[in-house]
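Commentary on secondary and tertiary structure
What follows is the residue order along each chain.
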Amino acid sequence: YAAVVEGFDDILTLPGAGWAADNNSNPAGAGGWFQGNPAAFPSHTGAANSYIAVNFQSGTGVSDLSNWLLTPTLILQNGDSITFWTRTQAGSPFPDRLQVRLSTNGTSTNVGTASTDVGDFTNLLLDINPTYIVGPTGYPEDWTLFTVTISGMGSPAKGRIAFRYFVEDGGPGGNNS
C-alpha cells in the first residue's frame, strides 16, 4: 500500500503533498508547526533545519495545547507501520507530549474544534510522555526512533495518521510549558 517518506526539508510544500495542520489549542496562539531551528538542535538527517517542530506558542497565556499535523490520505491495513524520529530540546524545564492517532474515515481532516476533541482520530496509537515528566526520562532529548504497528482493523481502509502535540496547562503562562 502507500508509503509516505517526508524529510521536512521545506514544510511550505506540505499542503501541496496532501498534509494538513490544525491548531485547536485553547486559547490558541499564533504558533503552529514550523520549520526546524538548528539553533535549538540540528535535524536527525539532512540539512540542519530538515525537521518540523511545534511548541508552547501554539497557545496564549495558560492554555491546553492541541496542535495537529495530519499525513496525506493513505490506504491502511493491519501490519502497516509508522516510523518516525522525535526529540525535544535538551535541558528543557518543561515537558512535551506527542500523540499519534489514526482515522479510517477516508480523507477526513476532522479533529474536532475544542482542545480536548479528537474528531475522527479516535484510535490512539502512541502517547509519548502522557504524565508530563520533565527531563530525559520524559520526552526524549536526543533523536529517538519510534515505530507503531497498525492492528485491529477488519479490512484495509482509507485514512490518515495524525501527530498531535497535546499539552494540558501549557502555553506561555502554563505550568507545563
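All of the points below concern the structure found in this document. (Residues numbered from 1 in each chain as written. Predicted model: local features only at pLDDT ≥ 70, side-chain atom pairs only at ≥ 80, totals over all residues. Heavy atoms only, no water.)

Looking now at the pattern of salt bridges. Applying the stated criterion across every chain, the model contains two salt bridges. Across the pair Arg97 and Asp127 runs a salt bridge, and its minimum N-O distance is 2.8 Å. In this pair, Arg97 sits in the loop between strand S7 (81-86) and strand S8 (98-103) while Asp127 sits in strand S9 (residues 123-128), placing the two residues 30 residues apart along the sequence. Two residues, Arg97 and Glu168, come together in a salt bridge whose shortest N-O distance is 3.5 Å. Linking Arg97 in the loop between S7 and S8 with Glu168 in strand S11 (residues 157-170), this pair joins segments that are 71 residues apart in sequence. The exposure class assigned to Glu168 is partly exposed, which follows from its relative accessible area of 33%. (Salt bridge = Lys/Arg side-chain N within 4 Å of Asp/Glu carboxyl O. Helix = DSSP H or I, 4+ residues; strand = E, 2+ residues; numbered from the N terminus. Buried < 20%, exposed > 50% of the residue type's maximum accessible area, 1.4 Å probe, protein only.)

The next point concerns the nonpolar core. Trp33, Phe84, Ile161 and Phe163 are the most contacted members of the largest nonpolar core, which has 28 residues in total. Among the secondary structure elements, those contributing two or more residues to this core are strand S5 (59-70), strand S6 (74-76), S7, S8, strand S10 (144-149) and S11. With five residues, S11 is the largest single contributor of residues to this core. Excluding its chain neighbours within four sequence positions, the residues that come into contact with Phe84 are Leu98, Val100, Leu126, Ile128, Thr144, Leu145, Phe146 and Phe163. Residues Leu70, Val118, Phe121 and Ala162 belong to the second largest nonpolar core, which totals six residues. (Core = buried A, V, L, I, M, F, W, Y, C linked by side-chain atoms within 4.5 Å. Contact = heavy atoms within 4.5 Å.)

Turning to the pairing of S8, a few remarks are in order. The buried fraction of S8 is high, at six of six residues. Residue alternation in S8 divides its side chains into two sets, Leu98, Val100 and Leu102 and Gln99, Arg101 and Ser103, and both sets are buried. In this structure, S8 lies alongside S9, joined through five bridges in antiparallel fashion. What sits directly across from Leu102, in S9, is Asn123. (Pairing = 2+ DSSP bridges.)

Moving on: the packing of aromatic side chains. A full pass over the atoms with the stated rule returns seven aromatic pairs. Between Tyr51 and Trp143 the ring centres are 5.6 Å apart and the planes differ by 75°, which places this aromatic pair in the edge-to-face class. Highlighted residues: Tyr51 in the loop between strand S3 (34-35) and strand S4 (52-53) and Trp143 in the loop between S9 and S10, separated in sequence by 92 residues. As far as the burial class goes, Tyr51 and Trp143 line up, both buried. Summarising the aromatic geometry, the rings of Phe84 and Phe163 are spaced 5.2 Å apart at their centres and angled 80° between planes, so their arrangement reads as edge-to-face. (Phe/Tyr/Trp six-rings, centres within 6.5 Å; stacked < 30°, edge-to-face > 60°.)

This next bit is on the side chain of Thr86. Counting through the fold element by element, Thr86 comes out in strand S7. At 2.5 Å, the side chain of Thr86 forms a polar contact with the side chain of Tyr139. Discounting chain neighbours no more than four positions away, the residues touching Thr86 are Leu98, Ile128, Tyr139, Pro140, Asp142, Trp143, Thr144 and Phe146. (Polar contact = N/O pair within 3.5 Å; in protein donor to acceptor, adjacent residues only side chain to side chain.)

This part is about the environment of Val54. By the element assignment, Val54 lies in the loop between S4 and S5. Separated by 10 residues in sequence, Val54 and Asp64 place their C-alpha atoms 14 Å apart. Those residues in contact with Val54 that sit more than four places away from it in its chain are Gly32, Trp33, Phe34, Asn67 and Tyr165.

Before going further, it helps to examine unusual backbone geometry. Of the consecutive residues Asn26 and Pro27, the connecting peptide bond is found in the cis state with omega at -10°. For Phe8, which is not a glycine, the phi torsion comes out positive at approximately 55°. The exposure class assigned to Phe8 is buried, which follows from its relative accessible area of 15%. Notably, Asp169 is not glycine yet its phi reads approximately 55°, a positive angle. Residue classification places Asp169 among the partly exposed residues on the basis of a relative accessible area of 26%.

Geometric values such as these leave the question of function open.
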